[in-house]
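Close look at the chain arrangement
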Amino acid sequence: WYVLAGEGKLVDADGKEHYWGSGDLVVLPKGWSGRWDVIRPIHKVFVVHSHRIDHDHAPNPPDGNHDGPTRAVVERSKDLVSRMSPPAPRP
């Protein structure tokens, strides 16, 4: 999801914490397990995407044949906000 406003954190099954806030892009890969805590009320754009996975190159293969847990991903995408803003009106 893309966070428009608010703050929170994700906690992976092994306890690793990922804090997120306004302007961040959050991805929960297929197979992710953990806790989602909201620290400040949020507004978000949420998308569910299902696609074929290349199991030989997937970072978190769903069959469990990988090292470690399936982890959430939080991208600090402050620049993305400015790129999504409408263009300034022309004079």
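Below you will find a few notes about this structure. Within each chain, residues carry numbers counting from 1 in the order of the written sequence. For this predicted model, a pLDDT threshold of at least 70 governs which residues receive local features, and a threshold of 80 or more governs which side-chain atom pairs are given and counted, while totals over whole chains, interfaces and linings are taken from all residues. The side-chain values count all of the structure's non-hydrogen atoms but skip hydrogen atoms and water molecules.

Examining a nonpolar patch on the surface
Applicable threshold: Patch membership requires more than 30% relative accessible area and the absence of a salt bridge. Residues of like charge join within 9 Å; the nonpolar side chains Val, Leu, Ile, Met, Phe, Trp and Tyr join within 5 Å. Surface accessibility in these figures is a Shrake-Rupley result with a 1.4 Å probe; residues are shielded only by whichever protein chains are displayed. For salt bridges, the criterion is a side-chain nitrogen of Lys or Arg within 4 Å of an Asp or Glu carboxyl oxygen. Segments assigned H or I by DSSP are reported as helices when at least four residues long, segments assigned E as strands when at least two residues long, and all are numbered from the N terminus.
A surface patch of nonpolar side chains, about 280 Å² in accessible area, is lined by Leu4, Val45 and Val47. Among the structural elements, valine 47 can be located in the loop between β4 (34–45) and β5 (73–76).

Let's talk about the packing of aromatic side chains
The line we're drawing: We call Phe, Tyr and Trp rings a pair once their centres come within 6.5 Å, taking the six-membered ring for Trp, and we label the pair stacked below 30 degrees between planes, edge-to-face above 60, and tilted otherwise.
By the definition in use, this model includes three aromatic pairs. One aromatic cluster is present, formed by Trp1, Trp20, Trp36 and Phe46 through successive ring pairs.

As for the side chain of lysine 9
Our working rule: Throughout, exposure labels follow a simple rule: accessible area from a 1.4 Å probe, protein chains only, divided by the maximum for the residue type, with under 20% read as buried, over 50% as exposed, and the rest as partly exposed. Identification of polar contacts relies on pairs of N or O atoms within 3.5 Å, with a donor-acceptor requirement for protein atoms, meaning one able to donate a hydrogen and the other able to accept it, and with residues adjacent in sequence counted only if both atoms are side-chain atoms. We call two residues in contact when some of their heavy atoms are within 4.5 Å.
Assignment of secondary structure puts lysine 9 in strand β1 (residues 2–12). Note on lysine 9: relative accessible area 14%, which makes it buried. Within polar-contact distance, the side chain of lysine 9 engages the side chain of glutamate 17 at 2.9 Å. Once you skip the residues sitting within four places of it in the chain, lysine 9 turns out to touch Glu17, His18, Tyr19, Trp20, Arg35, Trp36, Asp37 and Ile39.

Looking at the pattern of salt bridges
This model, assessed by the stated rule, comprises five salt bridges. Glutamate 17 is paired through a salt bridge with lysine 9; the nearest N and O atoms lie 2.9 Å apart. Owing to a relative accessible area of 39%, glutamate 17 belongs among the partly exposed residues under this scheme. Note that aspartate 12 and arginine 71 form a salt bridge whose closest N and O atoms lie 3.2 Å from each other. Separated by 59 residues along the polypeptide, aspartate 12 in strand β1 and arginine 71 in the loop between β4 and β5 bring together distant segments of the chain. Aspartate 12 gets classed as buried once you look at its relative accessible area, which sits at 2%. Through salt bridges with shared partners, a single network forms among Asp12, Asp14 and Arg71.

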